[in-house]
Amino acid sequence: MASSLDEESINWMINSSLRNFYRAYEPYFLKEQKGKKKESLTDLVNQLIDPQNGLHSLINCVDFVADKLKKRNSLAGVKGIYVLIDEYDCFTNGHIVVGDNGAVSDFAETYPAKRIKDIYSFFKSQLLFERFFITGISPIGLSHIASGFNIQSNVSFNRKLSGLCGLTRRDLRDAFGLMARENVIDDKDKAQPSNEITHDKQIQAEIDLLAGHASGFHFCRSETVDTVFNTATCTEYFENRLENGEYEFAPSNSEVNEKFLSICASSPLARNLLCQALEQEGGSYRSLEYTTVPESFELSDLTLTSFVLTFRELDDESSWLSYLLYNGALTFDGKNPRKLVKIPNKVTAKRIATAVLGRFGLNAKDIDKALETLSQTGAIEPILMLYHKMMSKRNVGDGGFKESGEHHVNAVNFSIFKSILVQLAPEFKIKMKRLEGRVYMVIIGKVVVHDKEALLSEEVLPSEKAFPVNESQNVPTGKDFATAVEWKVIQIDYLDIAGDNGSRLSKALTLDGIRHANQVLDIRFGNNDKWRHGKTIKDWVYGKDYKSPKNQVKRYFESEEITELARKCQGEFRFHLVVVVGNRKLLCWNVDEKGELGGPALMEHYIDG
């Protein structure tokens, strides 16, 4: 992999930093001595800095400082050289590249990586350094970049240091208390005099607000400790409250950076972990189980060989989980830190969701538009098209081709209807129902209209008429709508696709190349399908037997539950059959008022009959 950091630029950066160091400590290094002419800074720099080799310059600097310390002159009392390294993982994250196939490019043999490794080897070989303190460490860097520096102790999750990299509630209370005394935090009720009790309530309200967006970091694995707040987010919040009196949570800096998330979103395996972690359970982000947290690993441990030779997943997900954990995308779950990790807060979750959607080629506007169409017309197709795009890029590896209908319903619900990025969409109630081994998704919401003239309609809720409406505003009516979807899944192993060589890879690539619904319907089931082998998908869907999708849909459509739901919606009711084919294609049928299937359509960037 070509690097933007060549030998010349690296030498320049090292030498430039050393020049600044000599300039800052000039009074200590160039003290005038009796009978000798005072050496100039220029002479010192020319003597110690090698323009062609930054490492030699660093070695010269260390030797020079060590010599000064031995003489105990103006530096008397200084015990030795202390090395502080911040943003340790910056180089690693800046040079990892994950291809569409999940393969991670190895940069260990590039010149920058070799030079950094030489520097750490030099650190290890010297006895001149009293202490090293390194922040922002990465398990990849510990293994790959600084493998020559194997004398460190990893204290990232040490209980005694768990509060070092963040602010505590006490810190925030002190800061907000100062703001309250300076009248930056004003009483909401201006008629009442300010006092200690009202200030205390306001301070608590401010801390609670920050907690959901910037807290949740649990930096101890062995036991439950107090979580801490992200320092950068809190600082930015304070600055904006002081200057503007308010703040919207869109911090420019965060514990988890966009470059790192872009790397993770490029990996199918890491992307799947992040999608799971974004799901919400009881108002909190879903916890993921782990067995171990490797402190170091090779880049090859992050590679998911999906579309290279064969479909193979790692025996476990520990390497990616560790990488996510060390970089702040995940943190230990305080309820059970020995076994669980989770997303710490809303700011982190929003950044993760943005990165994952970006990898799918989607954004928040796509989701808002699809949900808006659903609320205006009841049409589910735009949502299915979005989900197809996500599904085909998310589901790789062996596990990704074994998902059930229930899994797909949950994925649509969490990734689209309950997406953290959705801000403008109406509220929907999502129900999942299991019946005779089948999975149904029922979506219930309020019909909305989209123009000012609708305000004159009696269908618009009276409470909405009190508010001005602009051209782009949706107005809820008093009518409910409902859309029911029956989900069927045909796993890729059961398909007999032409050109099949026994691997899922060839089947997936063949499915990806199909552009017409009728071509999908003509695919036959393979011999390993006990009940349907030899039949086409079309034969199965439109079969006359009791268990065919066509007849199952008709029975459920005529059931008392669906009849009552359609009656309540006063005609604003739709029913669909969706068949997931090999986790690569989505076929959708509209069901008419008699419970009969219409023509099939492929849910992609177009609707094809």
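The preceding data block contains the structure.
As a convention, each chain's residues are numbered from 1 in the sequence order in which they are written. For this predicted model, a pLDDT threshold of at least 70 governs which residues receive local features, and a threshold of 80 or more governs which side-chain atom pairs are given and counted, while totals over whole chains, interfaces and linings are taken from all residues. With hydrogens and water excluded, all non-hydrogen atoms of the structure serve as input to the side-chain values.

Colleague: In this structure, what is going on with the overall build of the protein chain? I would like to understand it.
Modeller: Here a helix means four or more residues in a row that DSSP labels H or I, a strand means two or more in a row labelled E, and each is numbered from the N terminus. A count of helical and extended segments in the protein chain gives 22 helices and 16 strands. For the exposure calls, accessible area comes from a 1.4 Å probe over protein chains only, and a residue counts as buried if that area is under 20% of its type's maximum, exposed if over 50%, partly exposed in between. Among the 609 residues that make up the protein chain, the fraction classed as buried is 48%. Every residue pair with non-hydrogen atoms within 4.5 Å of one another is taken to be in contact. A fraction of 68% describes how many contacts in the protein chain between residues 6 or more apart in sequence connect residues 24 or more apart. Split by element, the accessible area of the protein chain, about 31,100 Å² in all, is 49% carbon and sulfur. Each accessible area is a Shrake-Rupley estimate made with a 1.4 Å probe; only the visible protein chains count as cover when residues are assessed.

Colleague: What exactly am I supposed to notice about the packing of aromatic side chains here?
Modeller: The geometry of an aromatic ring pair is captured by two quantities: the separation of the ring centres and the angle between the planes. Between rings of Phe, Tyr and Trp, where Trp is taken as its six-membered ring, a pair exists when centres lie within 6.5 Å; planes separated by under 30 degrees are stacked, by over 60 edge-to-face, and by other angles tilted. One pass over the structure, following the stated rule, counts 17 aromatic pairs. Seen from their ring centres, Phe-176 and Tyr-237 are 6.1 Å apart, and the 80 degrees between their planes marks the pair as edge-to-face. Of this pair, Phe-176 sits in helix α8 (residues 169-181) while Tyr-237 sits in helix α10 (residues 231-244), placing them 61 residues apart in sequence. When its relative accessible area of 0% is taken as the criterion, Phe-176 is described as buried. Taken together through their ring pairs, the aromatic side chains of Phe-21, Tyr-22, Tyr-25 and Phe-64 make up a single cluster. Note that Arg-532 overlies the ring of Trp-540, its terminal NZ or CZ placed 5.0 Å from the centroid. Our definition puts a charge over a ring when NZ of Lys or CZ of Arg is within 6 Å of the ring centre and also within 35 degrees of the ring normal. Taking NZ or CZ as reference, Arg-555 lies 3.6 Å from the ring centre of Tyr-546, over its face.

Colleague: I keep staring at α10 and nothing clicks. Help me out?
Modeller: Compared with the 20 Å implied by 1.5 Å per residue over 14 residues, the 20 Å span of α10 between its first and last C-alpha is a close match. Throughout this description, a polar contact denotes any pair of N or O atoms lying within 3.5 Å of each other; where both atoms belong to protein, one of them has to be capable of donating a hydrogen while the other can accept it, and for residues adjacent in sequence the pair is counted only when both atoms sit in side chains. Where α10 starts, the residue carrying a side-chain oxygen 3.2 Å from the main-chain nitrogen of Ala-232 turns out to be Asn-230. The length a helix should cover is 1.5 Å for every residue beyond the first.

Colleague: Mind showing me how you'd approach the nonpolar core here?
Modeller: For soluble globular proteins, the rule of thumb is that nonpolar side chains tend to be buried together. Within the largest apolar cluster, 95 residues are counted, with the highest numbers of intra-cluster contacts made by Tyr-22, Phe-123, Ile-383, Phe-417, Trp-487 and Leu-586. The contact partners of Trp-487, leaving out residues within four places of it in the chain, are Leu-384, Tyr-387, Gly-405, His-408, Val-409, Val-412, Val-439, Met-441, Val-578, Val-580 and Leu-586. Only buried residues count toward a nonpolar core. Its members are Ala, Val, Leu, Ile, Met, Phe, Trp, Tyr and Cys residues joined through side-chain atoms within 4.5 Å. Counting residues in hydrophobic clusters, the runner-up holds 36 residues, among them Ile-537, Val-581, Val-591 and Leu-597.

Colleague: What should I look at first to understand the pattern of salt bridges in this one?
Modeller: Any two side chains of opposite charge can pair, given that their charged atoms come close. Criterion for a salt bridge: a side-chain nitrogen of Lys or Arg within 4 Å of a carboxyl oxygen of Asp or Glu. Tallied over the entire structure, the rule returns eleven salt bridges. A salt bridge links Glu-596 to Lys-554; the shortest N-O distance between them is 3.1 Å. Taken as a pair, Glu-596 in the loop between β14 (585-591) and β15 (597-603) and Lys-554 in helix α21 (residues 549-557) lie far apart in primary sequence, 42 residues in all. By relative accessible area, Glu-596 is classed as partly exposed at 29%.

Colleague: What is the right way to look at the sheet that holds strand β5 (residues 288-289) in this model?
Modeller: One key point about sheets: their strands pair by backbone hydrogen bonds, in either a parallel or an antiparallel sense. Any two strands with at least two DSSP-identified bridges between them are counted as paired. Across the sheet, three strands lie side by side as β5-β7-β6; this open sheet has antiparallel pairing. The open sheet has two edge strands with one neighbour each: β5 and β6 (331-332). Strand direction decides the pairing type here: β5 and strand β7 (residues 340-342), joined by two bridges, are antiparallel. Each residue of the ladder has a partner; that of Leu-288, found in β7, is Val-341.

Colleague: Before we go on, may I ask you to explain the packing of helix α15 (residues 364-377) against helix α17 (residues 405-417) in this structure?
Modeller: The description of two helices packed together rests on the angle between their axes and the distance between the axes. Axis separation between α15 and α17 bottoms out at 10 Å; the angle between their running directions is 110 degrees. For the element pair α15 / α17, the angle class is roughly perpendicular. Mapping the contact onto sequence places Ile-367, Leu-371 and Leu-374 in α15 and Ser-415, Ile-416 and Phe-417 in α17. Taken together, the residues of the contact of α15 with α17 break down into five nonpolar, one polar and no charged. The angle between two axes is taken between their N-to-C directions and runs from 0 to 180 degrees, where each axis is a line fitted to C-alpha atoms and a helix contributes only its stretch in contact. Under this scheme an angle from 65 to 115 degrees is roughly perpendicular, one under 35 degrees roughly parallel, and one over 145 degrees roughly antiparallel; angles in between are oblique. Residue classes follow a fixed rule: Ala, Val, Leu, Ile, Met, Phe, Trp, Tyr, Cys and Pro count as nonpolar, while Asp, Glu, Lys and Arg count as charged, and any other residue, Gly among them, counts as polar.

Colleague: Help me understand the pairing of β14, please; the structure alone is not making it clear to me.
Modeller: The buried fraction of β14 is high, at six of seven residues. Relative to β14, strand β13 (residues 573-581) runs antiparallel, the two sharing seven bridges. Of the residues in β14, the one forming a bridge with Val-579 is Leu-587. Here β13 folds back onto β14, and the loop between the two strands holds three residues, one of which, Gly-582, carries a positive phi near 60 degrees. As defined by bridge partners, β14 adjoins β15 across four bridges and the pair is classed as antiparallel. For Leu-587, the partnering residue across the bridge sits in β15 and is Leu-602.

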